[in-house]
Amino acid sequence: MQTVLLAVLALGLLTARPPTSRADTPTVVPPQPISVSQGWQRVMDPHDLGLKKDLESGVGGTGWSSVAVPDVFDSRPLPANFPGTIGWYRVHFRTPNDPGFAWAVHFAESRRSTEVWVNGRFVGSNSDPYASFQFDLGTKAGSLDTMVVRVDNRKKIEPREGWWNWGGIVQPVSLVPVGAVTVSDLGVMPQLTCPQADQCSGHLLVDAVVANRSATTLTPTLELTMTPPNGSTAPAQVDALAPGTLAAGQTASVRFSVPLNGPLDLWEPGHPALYQTQIDTTIGTLVSQRDQLAVGMRRVDVRGGLLYLNGRQINVRGASIEEDFPGHGAALTTAEQVQIVTELKALHADVTRSQYPLSQPLLDMLDQAGILIWTEAPIYHRDDLLHTPAQRADALATLRDAVLETRNHPSVMTESVANELTPTPDTVPGTKAYLDAAVPLVRQLDPDVPVADDVLSYPGYPAEQTYRQFDLLGISNYYGWYTGQKAHSTANISGLAPFMRQTHAEYPSQAIVMSEFGAEASAVGPAAEKGSYAFQTQFIKQTLGIVASLPFLSGALYWTVREFAVKPHWDGGPPRSIDPHTSIHHKGLISYGGVRKPAFATTASLFAMTPLFRSPPIVPAGSPADGGPTRGAGAIGWALLVGMLGLGGALATSVRARRRVRYLETPRP
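Cut-off values and rules
- Residues numbered from 1 in each chain as written.
- Predicted model: local features only at pLDDT ≥ 70, side-chain atom pairs only at ≥ 80, totals over all residues.
- Heavy atoms only, no water.
- Helix = DSSP H or I, 4+ residues; strand = E, 2+ residues; numbered from the N terminus.
- Buried < 20%, exposed > 50% of the residue type's maximum accessible area, 1.4 Å probe, protein only.
- Areas by Shrake-Rupley, 256 points an atom, 1.4 Å probe, with all protein chains shown as cover.
- Disulfide = S-S within 2.5 Å.
- 1 Å grid on protein atoms, 1.4 Å probe; cavity = no way out; pocket = protein on both sides within 12 Å on 5 of 7 lines; lining within 4 Å.
- Points joined across faces, edges and corners; volume = space filled by probe spheres on them.
- Nonpolar A, V, L, I, M, F, W, Y, C, P; charged D, E, K, R; others polar.
- Core = buried A, V, L, I, M, F, W, Y, C linked by side-chain atoms within 4.5 Å.
- Contact = heavy atoms within 4.5 Å.
- Pairing = 2+ DSSP bridges.
- Phe/Tyr/Trp six-rings, centres within 6.5 Å; stacked < 30°, edge-to-face > 60°.
- Lys NZ or Arg CZ within 6 Å of the ring centre and 35° of its normal.
- pLDDT = per-residue confidence, 0-100.
- Axes fitted to C-alpha atoms, helices over the stretch in contact; angles between N-to-C directions.
- Salt bridge = Lys/Arg side-chain N within 4 Å of Asp/Glu carboxyl O.

The next thing to look at is the overall build of the chain. A count of helices and strands for the chain gives nine helices and 37 strands. Within the chain, buried positions represent 58% of all 669 residues. Carbon and sulfur atoms make up 56% of the accessible area of the chain, which amounts to about 25,300 Å² in all.

As structure tokens, this is what we get:
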């Protein structure tokens with residue numbers, strides 16, 4: 001289908017209607033999506049014989065057993081399960097009968113690769129295990145249909161991932177109505193300027209793909225209605241956006257700039273104000289599609305090497321999370337998602353981090369809780385898969401999917417393009433080419449947030465020109481835990497502060513956050529023994545004390561809140577006598593079974609002592625206003641707090657089935 005750019009930012013707002021524009025005219029609205037969580041059956045196919053047994057027809061095979069979706073093949077992180085296997089699912093359903101609407105099946109996430117048949121007819125496949133996807137059913141209204149899903153989570157060493165290889169339909173499945181005109185890849189993102197603290201204004205960027213699925217020419221309208229947060233007396237804002245006339249079967253990429261009526265109720269931790277936003281895609285009196293989002297008005301940017309939120313300097317504290325609970329693996333229940341947010345709040349975290357796109361319900365909860373998130377594309381230790389143009393195109397497609405999954409959430413503070421690639425990308429052509437292409441791609445898809453890269457903390461490497469194009473650098477720091485590389489030692493925590501100062505000197509324009517640090521703990525023992533609870537507590541005190549003494553840092557995140565399953569025979573660093581090899585990553589502040597370790601309370605106390613907003617703000621080095629006392633005062637204040645906790649020594653020591661689009665090395669807008 002032809003893709004045409006019908007609207008650009010320069011066109012801006014096209015027309016406006018009052019909220020009652022269609023009140024006097026009967027309007028047809030889309031039916032509600034239908035959850036498909038019950039009635040599923042599953043059979044395992046470890047020898048890949050399912051197609052020979054005609055399982056895709058929905059009638060072949062034996063050994064089917066009932067399951068509820070979301071589902072993982074086996075929730076036990078046993079070594080034999082990690083390489084993966086094949087499972088088949090089937091479900092019977094009746095296609096709804098709603099005049100004017102066809103139906104599609106929407107998968108929120110299925111790991112790793114997925115193929116779908118309806119009534120024995122192949123309808124599509126997906127190869128991104130961390131993105132949602134959707135296929136047309138192509139069935140008759142009111143018919144009784146059978147859907148069969150083949151999920152293959154077999155994997156080799158590559159691609160590397162720092163979490164367990166869960167397999168199955170791990171997030172919800174639903175039937176969704178499909179009208180004559182559809183909108184996909186919808187993004188509604190505030191584009192604000194904040195010349196003064198908490199005084200922001202600007203516009204909404206509405207970005208989407210609009211498709212005419214009918215056999216006739218149509219002229220749709222996108223009607224945007226935005227209701228201010230609860231308690232506000234401001235009227236709802238209604239705008240009509242015209243993507244133009246679409247020929248039969250035509251698809252168009254559209255982008256609009258919608259001026260925002262002020263003053264704005266800004267979203268931030270402690271005040272997670274959300275504007276309930278509805279976009280109706282209309283054709284005359286018919287609403288062909290209705291999308292509903294919660295939009296947060298906020299601005300995250302970097303100024304003078306420091307991170308700002310809504311025009312104020314921030315200094316974040318938090319811990320990372322994994323979607324992994326005992327008994328369910330990655331197929332989390334709503335209660336488990338709530339538990340994740342509850343634990344972050346108990347930790348006094350104002351930020352969290354994930355190495356892949358989180359589920360939409362969990363992202364919604366973070367929006368509502370006012371917890372920022374550092375989100376990443378799952379490009380982890382993947383230099384060996386970035387050598388060829390085809391490999392890089394695949395990685396860029398994964399990055400694109402990750403951004404599209406997360407860009408509508410105000411909690412997202414940055415989009416990170418990779419984690420722990422080579423420390424010398426300037427001299428690794430494939431890695432450099434990927435990073436060079438990733439930055440403009442993210443800025444095109446989500447110009448609302450800084451672009452980040454998470455890098456290793458090995459000392460002794462030269463400054464990399466490749467890193468200077470990023471707004472934000474995340475430092476994966478394990479000084480004092482892992483020994484590092486030959487000639488690039490991280491064995492002694494005393495080297496952390498000098499390394500961070502050197503990094504800041506090399507990249508003065510980039511904001512720097514310690515996006516990862518942690519120590520394994522699974523047994524009682526002395527503070528001098530790695531792997532003990534006492535060592536973990538001391539390690540966190542020391543590291544956070546050093547972070548507090550370096551005012552050019554914009555924050556720190558511990559790895560992780562809760563333990564999770566990782567590769568079999570995980571070697572997290574401690575002596576084997578205290579922590580034998582297992583499949584559980586023991587750096588968490590809470591055990592896999594849900595028991596808080598002693599370091600949880602200590603970390604929560606230290607996080608609570610660090611306000612999110614810096615007051616007074618730090619004057620960036622080199623600024624005419626930089627007289628020095630502001631920096632010194634911050635360090636002295638923290639020294640007093642740390643001293644109260646007995647941490648003086650720490651300061652002395654001082655980190656989509658949707659289409660798998662192939663991108664060029666330099667993505668086009």
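Take the state of the cysteines next. By the definition in use, this model includes one disulfide. At a sulfur-sulfur separation of 2.0 Å, the disulfide partner of Cys-194 is Cys-200. Looking down the S-S bond of the Cys-194 and Cys-200 bridge, the torsion is 110°, so its handedness is right-handed. No difference in accessibility class separates Cys-194 from Cys-200, as the two residues are buried.

Right, let's get into empty space enclosed by the protein. The volume enclosed by the largest cavity comes to roughly 70 Å³. Forming the walls of the largest cavity are Ile-321, Glu-322, Asp-324, Phe-325, Ile-340, Glu-343, Val-561, Arg-562, Glu-563 and Phe-564. Here the lining of the largest cavity is built from residues that sort into five nonpolar, no polar and five charged.

Computed from the structure, the second largest pocket encloses a volume of approximately 650 Å³. Together, 31 residues line the second largest pocket, and Arg-160, Tyr-380, His-381, Glu-420 and Trp-570 are the ones closest to its centre. Here the lining of the second largest pocket gets four residues from one element, more than from any other, and that element is strand β36 (residues 564-570). Residue classes in the lining of the second largest pocket are distributed as 13 nonpolar, nine polar and nine charged.

With five of five residues buried, strand β29 (residues 472-476) is to be regarded as a mostly interior element. The alternating pattern of β29 places Leu-472, Gly-474 and Ser-476 and Leu-473 and Ile-475 on opposite faces, both of which are buried.

Moving on, we get to the nonpolar core. Within soluble globular proteins, side chains that are nonpolar generally end up buried alongside one another. Ranked by size, the top nonpolar core spans 83 residues in total, and within it Leu-399, Val-417, Tyr-434 and Met-500 carry the most contacts. Beyond its immediate chain neighbours, meaning those up to four positions away, Leu-399 contacts Ala-377, Ser-416, Val-417, Tyr-434, Ala-438, Leu-441 and Val-442. Of all hydrophobic cores here, the second largest spans 29 residues; its members include Leu-192, Val-210, Leu-224 and Tyr-275.

Moving on to the sheet that holds strand β22 (residues 306-309). The sheet built from three strands is open, its strands ordered β21-β22-β23 with antiparallel pairing. Taken across any chain shown, the strands that pair with only one partner, and hence form the sheet edges, are β21 (300-303) and β23 (312-313). Bridging between β21 and β22 involves four bridges; their strand directions are antiparallel. Its bridge partner being in β22, Val-302 is matched across the sheet by Leu-307.

Where strand β6 (residues 102-107) and strand β11 (residues 173-178) come together, six bridges link them in antiparallel fashion. Residue pairing across strands places His-106 opposite Ser-174, the latter belonging to β11. Bridge count for β6 against strand β9 (residues 133-136) is four bridges, and the pairing is antiparallel. Within β9, the position partnered with Val-105 by the bridge is Phe-135.

The next thing to look at is the packing of aromatic side chains. Counted under the stated rule, the structure contains 21 aromatic pairs. Taken together, the aromatic side chains of Tyr-478, Trp-481, Tyr-482, Phe-517, Phe-535, Phe-539 and Tyr-558 make up a single cluster linked through ring pairs. The positively charged end of Arg-111 is found above the aromatic ring belonging to Tyr-356, 5.3 Å away from the centroid. The ring centre of Phe-613 lies 3.6 Å from the NZ or CZ of Arg-312, which sits over that ring.

Turning our eyes to something else, we now look at the confidence of the model for the chain. Regions with low pLDDT should not have their predicted coordinates read in detail. Residue-level pLDDT values for the chain average 89, and 88% of them are 70 or greater. Every residue in residues 623-669 is under pLDDT 50, and counting partners more than four places away or in other chains gives 111 contacts.

Structurally, Thr-602 can be placed in helix α7 (residues 598-608). Non-local contacts of Thr-602, meaning those with residues more than four positions away in its chain, are made with Thr-537 and Lys-541.

So, on to the sheet that holds strand β14 (residues 221-227). The strand order across the open sheet built from four strands is β15-β14-β19-β20, with neighbouring strands paired in antiparallel fashion. Each edge of the open sheet carries a strand with a single partner, namely β15 (237-241) and β20 (286-295). Here the strands of the sheet are splayed against their neighbours by 15° on average, with no regard to which way each runs.

Note that Pro-235 resides in the loop between β14 and β15. Separated by 26 residues in the primary sequence, Pro-235 and Asn-261 place their C-alpha atoms 9.5 Å from one another.

Right, let's talk about unusual backbone geometry for a bit. Excluding glycine, a negative phi dihedral is what most residues carry, and trans is how most peptide bonds are arranged. Along the chain, Gly-262 connects to Pro-263 via a cis peptide bond; the corresponding omega equals -5°. Looking at the secondary structure, you find Pro-263 in the loop between β16 (251-259) and β17 (267-268). Despite not being glycine, Asp-54 has its phi angle at roughly 65°, a positive value. Tracing the backbone shows Asp-54 in the loop between β3 (40-44) and β4 (65-67).

Scanning the model with the defined rule gives 28 salt bridges in all. Measuring nitrogen to oxygen at the nearest pair gives 3.0 Å for the salt bridge that ties Arg-112 to Glu-161. Highlighted residues: Arg-112 in the loop between β6 and β7 (113-118) and Glu-161 in the loop between β10 (144-152) and β11, separated in sequence by 49 residues. Taking the relative accessible area as the measure of exposure, Glu-161 reaches 11% and is therefore buried. Between Asp-280 and Arg-290 there is a salt bridge, with the nearest N and O atoms lying 2.7 Å from each other. Residue Asp-280 is found in strand β19 (residues 275-283), and its partner Arg-290 is found in strand β20; the two are separated by 10 residues along the sequence. With a relative accessible area of 3%, Asp-280 lands in the buried category. Each of Asp-48, Glu-115, Arg-150, Asp-152 and Arg-154 takes part in a single network of salt bridges with overlapping partners.

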